[in-house]
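# Residue-level structure breakdown
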Amino acid sequence: MTVIVGCGAGFSGDRTDAARPLVDALIAYDAPRALMFETLGERTLAAAQLRRIKNPDTGDEPLLEEFLSPVLSDCLANKITILGNFGAANPDAACNRIKRLAQHCGYPQACLATIHGDDVRERLTELDWLAWEGENRPLSSLHQVLAANVYLGAGSLIEAMEKGAQVIITGRVADPALALTPLCYYHDWALDDWDRLAAGALAGHLIECGAQVTGGYFADPGFKDVPGMATLGYPLVEVERNGRLVVTKPAGTGGLVTEQTVKEQLLYEIHDPSAYITPDVVVDLSQVSIRQLAKDRVEVVGIRGKPAPARLKTTVSFLDGYQGEAEISYAGPNALARAQLARETLRQRLAMRCPSDLRSRFDLIGLSSVFDGDTQNASQCMHHQPTDIRLRLAVEHADKKVVELATQELLALYCCGPAGGGGVRRTHSQRVKTASYLVPKQQVMPTVTLHGGTASE
């Protein structure tokens, strides 16, 4: 038997029309099928917690209706299970919105499940914390903790499928678990069958970023050409009971699936290819073999697994002062010299008017910015004189008023700076930082709650 899983989103803010071709393709398969949506990054979750603090009825995925409305009816009608971490900081809020969508499309008795237990913000003092590799801040040193979320595995999601859930709504789970869940359920894999679990986790890893494995974030004109970037097909993965998998995409969509696209995604965010750690299994990629079977069909085999870790990664997000950005443009003849004069003027003004502990960064966008780091010394990487430069200032400080003062000094360059400055933009926000820790798996207690009817009703 083969199980097919598609991925309709790789992050919050992804294309909201991507799932339609996927569902059409899934319907055509005579096999068990599932559709996952991965919309949750670490800072995305922190932002969701901020929204929930301001309004307890929010905190879930803002684009939920846009993602699901085009496909929810067909998924429910064709027994395509939907799994998504669009619950973010508030799975119950997401559940309520999906209930309304299901009722609107004629399925008021749709069986929904919410997964809780990842949010441990109220348990900071009772858990056994261990700093993640490279983390040098003790948890006790973090102030104004905004969020603390454990990366859950597939176990509670499998339980939800066993109870008949047609739509599974989670907060923080490991991204691969969204695909591993239906694979374990339909293939009846044991939760200590490490090689099979590793294959399922890798299937999830390959499709979790949506179009990244089908040509998105891959294209480099003249070197890696990708057809149909405006109509990229999002990925499907066909997984056999023995763990063999094939990555593909819907026919007639843009993009491509090749050995190269699969290899790039295979190594995405992988620190040790022999030990890719997930909550459910440690994946060994060192013996993986990748082979092009046909156009847009790539086989992946040779996946091995090791026992799951005893501790789960937890991301703690906390407020740490304020940040601000401001920009101004200089164009035309001698634009670079004028932008450099503006930068030096602004640097002197900040030294005169702001506290010495203000952190600042200057970028000359159009000359060099990405490769300069925070040294504030723009590299002279261009051999011609640019005629369009945008000076960017970024600052951070514990006091919001200091940040506002610093960006106001850039605004003042309109009349106090070099000739021809224009197009000033300023933004200010609270600064959210993250730190990573590990907690014992046995201290994390995920729960499953069903809402509505059952799949058989």
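Our subject is the structure that appears above.
The following paragraphs examine the structure supplied in this document. As the structure is a computational prediction, the values presented were derived from the model and not from experiment.

Looking now at the sheet that holds strand β14 (residues 304–306). Taken in spatial order, the three strands line up as β10-β11-β14 in an open sheet, and their pairing is antiparallel. Two strands lie at the open edges of the sheet, namely β10 (276–277) and β14, each paired on one side alone. In this sheet, strand β11 (residues 282–284) lies alongside β10 in antiparallel orientation, the contact comprising two bridges. By the bridge assignment for β11, Ile-277 is matched with Val-282. Across the sheet, helix α8 (residues 194–207) is in contact with β10, β11 and β14; its angle to β14 comes to roughly 110°.

Right, let's talk about the sheet that holds strand β1 (residues 2–9) for a bit. Read across the open sheet, the 10 strands follow the order β12-β13-β9-β8-β1-β2-β3-β7-β4-β19; overall the sheet is mixed. This sheet does not close on itself; its edge strands, each paired only once, are β12 (289–294) and β19 (447–451). Taking each pair of neighbouring strands and ignoring which way they run, the sheet shows an average axis angle of 20°. By the bridge criterion, five bridges tie β1 to strand β8 (residues 236–240) in an arrangement that is antiparallel.

What follows is about the packing of helix α6 (residues 155–162) against helix α7 (residues 177–187). Packing of α6 against α7 leaves a shortest axis separation of 9 Å and a crossing angle of 50°. Here α7 runs oblique to α6, going by the angle between their axes. The two elements α6 and α7 cross, and the hand of that crossing is right-handed. Along its contact with α6, which presents Leu-157, Ile-158, Met-161 and Glu-162, the element α7 presents Ala-177, Leu-178, Thr-181, Pro-182, Cys-184, Tyr-185 and Tyr-186. Its residues placed into classes, the contact of α6 with α7 shows nine nonpolar, one polar and one charged.

What counts and what doesn't
- Residues numbered from 1 in each chain as written.
- Predicted model: local features only at pLDDT ≥ 70, side-chain atom pairs only at ≥ 80, totals over all residues.
- Heavy atoms only, no water.
- Pairing = 2+ DSSP bridges.
- Helix = DSSP H or I, 4+ residues; strand = E, 2+ residues; numbered from the N terminus.
- Contact = heavy atoms within 4.5 Å.
- Axes fitted to C-alpha atoms, helices over the stretch in contact; angles between N-to-C directions.
- Parallel < 35°, antiparallel > 145°, perpendicular 65-115°, else oblique.
- Left-handed = near helix turned anticlockwise from the far one by under 90°.
- Nonpolar A, V, L, I, M, F, W, Y, C, P; charged D, E, K, R; others polar.

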